[in-house]
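Chains, contacts and geometry: an overview
Given next are the chains, with one letter for each unit.
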Amino acid sequence: MNKLLMVSAFAAISMSPFVIQAQSLSEKGVSELRDEANKFIEDQQFLMARPILEELVRRFSEMDDKSLLQDFYFFLGYSYVQEYQGMTSATYLESAIPYFDKLLKEFPGGERAATAIELKANCLRGLGKFSEEAETWGMKLESPYVEKLNNSERYAILKRIAQSYYNMKDWEKGEEWFKKMYSSPFANKEDKTYAAVALIRGYLAQEKFEEAKNYFSMLTNKVPARYDLALSVDFMTAGDKLVGEEKYALAALCYTFVLTKDQILEYFNDYKDKIDRKIASLKNMNSKHPDIPALEIKQKYAEANIKGISSIPDYRSQFLARKARNFFLTKRNYESFWAYRQLIDAYPDDKMIEDYFFAAFVCARQIGKESQIDALGNEYREKCADSKFEGKYLKDINLQYALFLLDKGKTDVEKREKFFTIAKESLKNEPDGDASGEYMFLMGREWLNSGEHTALRKYMSEFIEKNPDATPVDGALYWQMLSHLTKFEYSDAFKLASKLVENYPDSIYIEDATFRRAIAIFGDGQISDAAKYFNEFIENFEASGSKLIGEARLFLGDIAFMEQDYEKSYEEYMKVPDCADVSQKTIDAAFFQCSGMLEAAEKFDKQSEVLIRYLKEYPEGNLPMAYYLLAQPLFKQGRSADAVSGYMDSLKKFGGDSKNDSIDKIISSYPQFYSDAKIQLDATTDFLQKLVSDRKFFEMFVNDPAKRYQYTLKFPDVNPLVYAKFKIKMGEKKAEFDKEVLVENKPIVELLNLYKSQQAKFPKITPENFFNSLLNEAKSKGDKVLQHRMEMALDEIGKLKERPQMFSEEDFKGMPFKVVIWMGKCNEKYSLDSARSALQYVVDSDSDYRLEALIALAELEARNSNYEVANSLFKKVEEEFPLDEKATYAAIRQGEMFQKMGKIDEARNKFNDILRTPAWRGPAHAEALLKLGKLEEEQNNRKQALAYYTNCAAGFASCLDLAGEATLLGAKLAMSMGEVESAKEFLDPFLEDPTNKDSKFYKEIEDYRSSIK
């Protein structure tokens, strides 16, 4: 071939033979140089021809016709390739490439260009420049070269380029070639899978997992590319990456495509056997069969893989561990357990064996596989005892077993008792053991959560007495402290917390104990000292980012509020949102309690500002509650229309939100609020108009305090804060509306204009009609939450036209707690069990309506003569809500239940307990005295009854109805005893006091007195 090429190149000059001359090349003519070069090329001595060719290049470069340079460049480049074949020095390949480049640059598409591309590509391969090699091969698939190739040749080059990028792992540049190879109609199954594997590996490396999934279907083909070890490694790596990103499902998919060492070896052994048999068969037919060289390449490829795979350690245990871990993370605990169990059985000597034991144990606990929990735990303990294991999970396995028993103990008393037995034995045998603190924690928490305060306190105090220096003493103190705190025994709680804080500064409980010490002293009523302790807590734990700092500042805001230091209170409340890791619930409390404080301080402008700020800054917060609270300062400021509109907007926007209970507060208060707002708005507007239009009245109201006072009593519906503007406030020298307004009434006119503008935009639609409009809207939209809320709202004001039939258990689902209570009450006439179920559902929740549900349930039982059950529920109200005003109601009702059950002594004792509670002095004491009077009268203890009536009527005269009833009953009892004067002593003082005319018993008392002569 080379001879023919040279003949063609020099045909235009001369074909006569030439003889090498010793003279210098520069002295020879072109013909002579041509002949010499031709001779060397004919003899395949390209190296000898090189100097002559270089001289010819120099001379022809100066000629006009440079076409023959193509041949000179070609053979010069080829001379270096030939030299490389003899010397294998990369330098020769590097020297060859520039000549091929010149040829391709100056003669693109020339006769020798295609061959030059191939030679250049081979040189680049020899230099290890695979990327440039692939790019060079790519030139052949572009014009003007590609047109000269048939389809088979084109595909061969495409495949070669793809293989180059695959070998380089240059996934980014190779992507387009892999895709072309994948979609080529000339790609067989093996090649198509090869291209798919290349794309998958590239996408996995680039973390384009979704793109990789498009080619996973090709991995079912049993071809060499599928069994490339690197592919399995890539899938394991990708799986690990996805697990780290918590994309467990995709990770699991990746792990399913990982092949084990045995699977890969089995495939390549089978593959090699098939190739061996095929080569042998071809050789039997024809030893020089053209397919044999390609098959021998595949044979060597298989041998290389077998050798390489055989030399690597078995990674099956690592792979199974990954799959097991992914099962564990996705809470597929059954699969995870069996995967770890398989690892334990198959790889007992694996360096990770203890980890497998622990993981299997945890999974067994989570799926409740008790036999395996025992078996694994015992096996692990035995191996630790035999020193086969280090025992790094011994403590954890023992604790996990305890946790399992504790969890099962919720429904299995024996397992719960077994837990306590194990925990107590462990602490008895090893009070300073590694797990002693954890056992103390678990026991303390379980006893506290179940309300077993006696057992908790007894064990903890005895442990401290027997083991005063043991590690978990701090825990024993902590749980005792919490027990006392839970029972509102603040003094004892404070002492225990102080002991823990002072003696165990490095305790894990120190932060919480320090915080609860402040709570205990606060609960004990020592608010000044509580402030000191809360500030001490903040000083010690704020820098470390304690999550309790926000709550501490909340308490400081409350304390300042109690001390009427409103500025300090505001400052502390508003620091809460800036505290570290503060919860939205704590932020809500800070803003809403600040609102209450500002209302008490009559700083309504600032109260509005605080609530409006909350609405702007916390769109994900409890907006209905903020709107609910905002209505009050707006109302006080004369902005009644804005307040009512705020209520209406809240109901429209949040009425269908089942998760927010605050909207139900708006629903309950809205009808009365609407009425109050309308009445006050109209009355205040009329009053201000009268001031402006009636000069004589204006002067009287400003100048005559006595007449002003009489007027305010006669017209109580006017906004009291408007009246207050005419009075001199404490510490002030003059009123806001002093005599100066008689000269310049602009402030009055401006206030009147405000009220008139509010009148103009005050919603005309009544609460009843508004509720009905929302009800109709809810029905049309299928919004069950809003529908039932509006039915409840209309029912509460006695305007529900179509009462629903019995609600089913399905109806309760997804409903707000307040609505569930209403549904339960509705169901009472159809099914007591259904009503109980609904109310109990709310009682068992953490809703703000638990108290209401408890009382409703208690009243249901009382109505149905289940007095024992009702009594226990009323007792629960008193115990769980001791600071709520309903606690006194529940206490009174307990006494009544005892009476219903005929337990007179218990009833008498309960009413007397109420009288012995100083915090309940007032209406509760008055009612307890009245109840005792009735009780003793029923028992015919008339003198005691008369004494109780007397104490109620005389001692609690301000409780008009209770005192009035006691007066009437006492007078009637005295008359029945023949003590007429005593009866008159009951009646006359009551009738002589004009304020008693508001009592509902006044007319009856007046009539009864008239009957006595």
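Residues numbered from 1 in each chain as written. Predicted model: local features only at pLDDT ≥ 70, side-chain atom pairs only at ≥ 80, totals over all residues. Heavy atoms only, no water.

Quick notes on the overall build of the chain
- Helix and strand counts for the chain come out as 53 helices and 0 strands.
- Within the span of the chain, comprising 1013 residues, buried residues form 50% of the whole. (Helix = DSSP H or I, 4+ residues; strand = E, 2+ residues; numbered from the N terminus. Buried < 20%, exposed > 50% of the residue type's maximum accessible area, 1.4 Å probe, protein only.)

Focus on the pattern of salt bridges
- All chains considered together, the criterion is met by 60 salt bridges.
- Among the ionic pairs, Lys458 bridges to Glu462, the shortest N-O distance being 2.9 Å. On the criterion of helical spacing, the pair formed by Lys458 and Glu462 is a turn pair, its members being 4 residues apart in helix 23 (residues 453-466).
- Taking the shortest distance from any N to any O, the salt bridge between Asp905 and Arg908 comes out at 3.0 Å. Here the residue Asp905 and the residue Arg908 both occupy positions in helix 48 (residues 904-915), the gap between them amounting to 3 residues, near one helical turn.
- Classification of Asp905 by relative accessible area gives partly exposed; the value is 49%.
- Linked through salt bridges whose partners overlap, the residues forming this network are Glu542, Arg553, Lys568 and Glu572. (Salt bridge = Lys/Arg side-chain N within 4 Å of Asp/Glu carboxyl O.)

Some remarks on the confidence of the model for the chain
- On average, residues of the chain score 85 in pLDDT, and 87% of them are at 70 or above.
- Here residues 1-23 is a poorly scored stretch, pLDDT under 50, and it has 48 contacts once near neighbours within four places are set aside; other chains count. (pLDDT = per-residue confidence, 0-100. Contact = heavy atoms within 4.5 Å.)

Quick notes on a negative patch on the surface
- On the surface, a cluster of negative charge is made up of Asp262, Glu266, Asp270 and Asp273.
- Of note, Asp262 is situated in helix 14 (residues 261-285).
- Judged by relative accessible area, Asp262 falls into the partly exposed class, the value being 49%. (Patch = residues over 30% accessible without salt bridge, like charges linked within 9 Å, V, L, I, M, F, W, Y side chains within 5 Å. Areas by Shrake-Rupley, 256 points an atom, 1.4 Å probe, with all protein chains shown as cover. Lys, Arg positive; Asp, Glu negative; His and termini not counted. Charge placed at Lys NZ, Arg CZ, Asp CG, Glu CD.)

Side note on unusual backbone geometry
- A cis amide bond, omega 15°, links Ser143 with the succeeding residue Pro144.
- Positionally, Pro144 belongs in the loop between helix 7 (130-139) and helix 8 (151-168).
- Positioned with a positive phi, Glu207 is a non-glycine residue whose angle comes to about 60°.
- As for its position among the elements, Glu207 is in the loop between helix 10 (189-205) and helix 11 (209-213).
- Here Glu207 falls in the partly exposed class, since its relative accessible area comes to 41%.
- One non-glycine residue with positive phi stands out, namely Ser865, at about 65°.
- Relative to the assigned elements, Ser865 resides in the loop between helix 45 (850-863) and helix 46 (867-880).

Quick notes on the nonpolar core
- Phe419, Met481, Phe534, Phe687, Leu688 and Leu691 are the most contacted members of the largest nonpolar core, which has 170 residues in total.
- Top contributing element to this core by residue count: helix 34 (residues 662-693), with 12 residues.
- In this structure, Leu691 is in contact with Phe697, Phe698, Phe701, Phe726 and Ile748, ignoring residues within four places of it in sequence.
- Ala121, Tyr166, Ala212 and Met218 belong to the second-largest nonpolar core, a separate cluster that totals 43 residues. (Core = buried A, V, L, I, M, F, W, Y, C linked by side-chain atoms within 4.5 Å.)

Details of the side chain of Asp191
- Relative to the elements of secondary structure, Asp191 occurs in helix 10.
- A polar contact of 2.7 Å, which involves the side chain of Asp191, links it to the side chain of Tyr155.
- With residues near it in sequence (within four places) discarded, Asp191 still touches Tyr155, Lys159 and Met181. (Polar contact = N/O pair within 3.5 Å; in protein donor to acceptor, adjacent residues only side chain to side chain.)

Remarks on helix 47 (residues 886-900)
- With 15 residues, helix 47 ought to run about 21 Å at 1.5 Å a step, and its terminal C-alpha atoms sit 21 Å apart, in line with that.
- Of all the 15 residues making up helix 47, 12 are buried; the element is thus mostly covered by neighbouring parts of the structure.
- Listed as buried for helix 47 are Ala887, Thr888, Ala890, Ala891, Ile892, Arg893, Gln894, Gly895, Glu896, Met897, Phe898 and Gln899.
- Structurally, helix 47 contributes buried residues whose contacts are with helix 45, helix 46, helix 48 and helix 49 (923-938).
- Phi turns positive, to about 80°, at Gly902, one or two residues after helix 47. (Expected span 1.5 Å × (residues − 1).)

A word on helix 15 (residues 292-311)
- The first and last C-alpha atoms of helix 15 sit 29 Å apart over 20 residues, in line with the 28 Å expected at 1.5 Å per residue.
- Ile292, Leu295, Gln299, Ala302, Asn305, Ile306 and Ile309 are the residues of helix 15 that are buried. Within helix 15, the buried residues cover an arc of 140° as seen down the axis, which keeps them to one side. Of the exposed residues in helix 15, those oriented more than 90 degrees away from the buried face are Ile297, Lys300, Lys307 and Ser311. (Arc of directions from axis to C-beta.)

Side note on the packing of aromatic side chains
- All chains considered together, the criterion is met by 60 aromatic pairs.
- On the basis of an interplanar angle of 35° and a centroid distance of 4.8 Å, the ring pair of Tyr166 and Tyr194 is categorised as tilted. Of this pair, Tyr166 sits in helix 8 while Tyr194 sits in helix 10, and the two are 28 residues apart along the sequence. We note that Tyr166, like Tyr194, is buried.
- An aromatic cluster is built from Tyr628, Phe635, Tyr647, Tyr670, Phe673, Tyr674, Phe762, Phe770 and Phe771, whose rings are joined through pairwise contacts.
- The ring of Tyr182 carries the charged tip of Lys192 above its face, separated from the ring centre by 4.2 Å. (Phe/Tyr/Trp six-rings, centres within 6.5 Å; stacked < 30°, edge-to-face > 60°. Lys NZ or Arg CZ within 6 Å of the ring centre and 35° of its normal.)

Some words on the packing of helix 34 against helix 39 (residues 746-761)
- Helix 39 packs onto helix 34 with a crossing angle of 145° between their chain directions and a minimal axis gap of 9 Å. The element helix 34 and its partner helix 39 pack so that their crossing is left-handed. On the side of helix 34, the interface is formed by Leu681, Asp682, Thr684, Thr685, Leu688, Gln689, Leu691 and Val692, while helix 39 contributes Ile748, Val749, Leu751, Leu752, Tyr755, Lys756, Gln758 and Gln759. (Axes fitted to C-alpha atoms, helices over the stretch in contact; angles between N-to-C directions. Left-handed = near helix turned anticlockwise from the far one by under 90°.)

Description of the packing of helix 29 (residues 566-575) against helix 30 (residues 584-600)
- The geometry of helix 29 relative to helix 30 is characterised by a closest axis approach of 9 Å and an angle of 165° between their N-to-C directions. Put simply, helix 29 runs roughly antiparallel to helix 30. For helix 29 against helix 30, the interelement crossing comes out left-handed. Each of Tyr566, Ser569, Tyr570, Tyr573 and Met574 in helix 29 lies in contact with helix 30, whose residues at this interface are Ala590, Phe591, Gln593, Cys594, Met597, Leu598 and Ala600. (Parallel < 35°, antiparallel > 145°, perpendicular 65-115°, else oblique.)

Points about the environment of Glu879
- Relative to the helices and strands, Glu879 is located in helix 46.
- Overall, Glu879 belongs to the partly exposed group, its relative accessible area being 46%.
- Glu879 sits 391 residues away from Phe488 along the chain, and the two C-alpha atoms are 9.8 Å apart.

Overview of the side chain of Asp170
- With respect to the secondary-structure elements, Asp170 resides in the loop between helix 8 and helix 9 (171-183).
- With no salt bridge to any partner, buried Asp170 finds its closest opposite charge in Lys173, at an N-O distance of 4.5 Å.
- Residues contacting Asp170, with those up to four places away along its chain left out, are Ser131 and Tyr165.

Looking at the state of the cysteines
- Throughout the structure, instances matching the rule amount to 0 disulfides.
- Sulfur of Cys959: no disulfide; nearest cysteine sulfur belongs to Cys952 and is 7.4 Å away. (Disulfide = S-S within 2.5 Å.)

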